[in-house]
Amino acid sequence: MTDAFPVTIYHNPDCGTSRNALAMIEAAGYAPVVVDYRNVGWTRALLQDLLAALDAKPRELLREKGTPAAELGLLDEGVSDDAIIAAMLAHPILVNRPIVATPLGTRLCRPSEVVLTLLERRPPDFTKEDGEVVPL
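Residues numbered from 1 in each chain as written. Predicted model: local features only at pLDDT ≥ 70, side-chain atom pairs only at ≥ 80, totals over all residues. Heavy atoms only, no water.

1. Side note on the nonpolar core
L74 and M88 are the most contacted members of the largest nonpolar core, which totals 21 residues. Taken together, the elements giving at least two residues each to this core come down to α3 (44–54) and α5 (81–90). Ignoring anything within four residues of it in the chain, the contact list for M88 reads W42, L47, P58, L61, L62, L94 and V95. Residues A28, V115, L116 and F126 belong to the second largest nonpolar core, which totals 18 residues. (Core = buried A, V, L, I, M, F, W, Y, C linked by side-chain atoms within 4.5 Å. Buried < 20%, exposed > 50% of the residue type's maximum accessible area, 1.4 Å probe, protein only. Helix = DSSP H or I, 4+ residues; strand = E, 2+ residues; numbered from the N terminus. Contact = heavy atoms within 4.5 Å.)

So this is what it looks like as structure tokens:
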């Protein structure tokens, strides 16, 4: 990472999409700040900043698969943004990933190759963990 082009990835190392996004960033020659949000958690201010940068509502970042979202009633209509954020603070895994922030913007990088839109330079070539070749 350089001061001129910082890259931060909010990362879950157990997620293949997140691992692929991180690998693409590194293959492009960046040394990103890697935030394993499952361990460090979220703050309300950080979530609100990311949501503003993404121009998104909390429900748009809510991960359903492999999380307690349904059990917590978060998938029901009418659940408030504040309730979703409170749940995300209590259960960091509820936030979808990976989220990448660079001087070019902040995006939820699903699929992982979305990360390429946030980088000044791209890796020379890249093959995902599953063998899919990413066209560059």
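2. Side note on the environment of E26
For E26, the position within the fold is in helix α1 (residues 16–27). For the pair formed by E26 and A90, sequence separation is 64 residues and the distance between their alpha carbons is 31 Å.

3. Things to note about the pattern of salt bridges
Enumeration according to the criterion identifies five salt bridges in this entry. Its salt-bridge partner being E132, residue K128 comes within 3.5 Å of it at the nearest N-O pair. Put simply, D14, D36 and R38 are held in one network by salt bridges that share partners. (Salt bridge = Lys/Arg side-chain N within 4 Å of Asp/Glu carboxyl O.)

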